[in-house]
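Summary of the model geometry
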Amino acid sequence: MAKVLVLYYSAYGHIEAMAYAVAEGAKSAGAEVTVKRVPELVPDEVARASHYKTDQKAPIATVDELADYDAIIVGAGTRYGTVASQMRNFWDQTGGLWAAGKLVGKVGSAFTSSATQHGGQESTILGFIPTFFHHGLVVVGLPYAFQGQMGVDEIKGGSPYGASTITGGDGSRQPSEVELEAARYQGAHVARIAAKVSA
């Protein structure tokens with residue numbers, strides 16, 4: 001049984017919802033799954049004034065525990081075409097793991113969100129992949145075997161790089177069922193590969 005960490009940062013709850021869908025998918029593939037989040041860097045009064053979702057139940061992860069998992073699936077929103085600084089800050093503290101080769105051979109995968117269809121979802125995931133490579137992780141995306149990312153029948157996130165959702169400029173759009181299904185598929189796909197790799 002693979003041990004999978006779904007590690008996320010969510011300001012408004014969209015990525016949180018996607019994270020739990022990813023976890024559901026990984027569990028359906030037989031993995032032991034833990035969902036955690038990275039610390040918030042925004043002062044509490046600013047977060048509240050900006051209407052951040054402050055009632056998230058997932059515990060805060062520590063850098064050292066990353067080595068305890070066979071796969072790490074990272075989720076964070078897009079900020080100007082790159083990953084949110086809260087997630088970047090967390091991974092910038094992994095030098096000790098890198099120096100000791102603690103993540104080499106594990107599986108890495110990513111998912112994201114943006115306000116608009118062209119808000120940098122693909123560049124965010126692609127921009128995070130070098131971090132996985134530097135740590136020696138085996139990178140897994142969302143293959144086109146997930147047919148939900150095909151077609152133009154509705155507005156939807158998703159690419160071969162990873163699941164994603166579109167939030168709308170005011171954040172009012174929640175992940176659609178097809179976007180949540182993409183997250184579940186990615187979670188299951190990563191869990192199956194992690195089980196093979198860790199064996």
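Residues numbered from 1 in each chain as written. Predicted model: local features only at pLDDT ≥ 70, side-chain atom pairs only at ≥ 80, totals over all residues. Heavy atoms only, no water.

Quick look at the UniProt feature "binding site: NAD(+)" (unreviewed entry) in the protein chain now. As annotated by UniProt and renumbered to match this structure, "binding site: NAD(+)" (unreviewed entry) occupies Y12. Sequence-distant contacts of Y12, defined by excluding residues within four places in its chain, comprise S50, H51, Y52 and K53. (UniProt positions renumbered as here; feature names shortened; annotations may be inferred. Contact = heavy atoms within 4.5 Å.)

Let's shift gears to the side chain of S113. In this fold, S113 is placed in strand β5 (residues 107–114). By relative accessible area, which is 8% here, S113 ends up buried. With residues near it in sequence (within four places) discarded, S113 still touches I15, A76, G77, T78, Q121, T165 and T167. (Helix = DSSP H or I, 4+ residues; strand = E, 2+ residues; numbered from the N terminus. Buried < 20%, exposed > 50% of the residue type's maximum accessible area, 1.4 Å probe, protein only.)

In this section: the environment of F132. With respect to the helices and strands, the residue F132 is situated in helix α5 (residues 121–134). A sequence separation of 60 residues divides F132 from I72, and the C-alpha atoms of the two residues are 9.6 Å apart. Excluding its chain neighbours within four sequence positions, the residues that come into contact with F132 are I72, V74, W91, G108, S109, A110, L137 and V139.

A word on α5. For α5, the complete set of buried residues consists of Q121, T124, I125, F128, I129, T131 and F132. One face of α5 carries all of its buried residues, which in axial projection span an arc of 160 degrees. Facing away from the buried surface of α5 by more than 90 degrees, the exposed residues are F133 and H134. In this structure, the buried side of α5 is in contact with β3 (71–79), β4 (82–83), α3 (85–91), β5, β6 (138–139) and β7 (164–166). G136 occupies a position one or two residues after α5 and carries a positive phi of about 80 degrees. (Arc of directions from axis to C-beta.)

This brings us to the pairing of strand β1 (residues 3–9). In summary, the side chains of a regular strand alternate between the two faces of the sheet. Along β1, six of the seven residues are buried, which leaves the element largely enclosed by surrounding structure. Here β1 runs beside strand β2 (residues 32–37); their pairing, made up of six bridges, is parallel. For V4, the partnering residue across the bridge sits in β2 and is V33. Tracing the backbone out of β1, into helix α1 (residues 14–28) and back to the parallel element β2 gives a crossover that is right-handed. (Pairing = 2+ DSSP bridges. Right-handed = clockwise from strand over helix to strand, strands pointing away.)

The subject of this paragraph is the nonpolar core. Formed by 30 residues in total, the largest nonpolar core has its most connected members in V4, V6, V33, F111 and A163. Excluding anything up to four places from it in sequence, V33 contacts V4, V6, A23, A26 and K27. Listed in part, the 27 residues of the second largest apolar core include V63, V74, A110 and I129. (Core = buried A, V, L, I, M, F, W, Y, C linked by side-chain atoms within 4.5 Å.)

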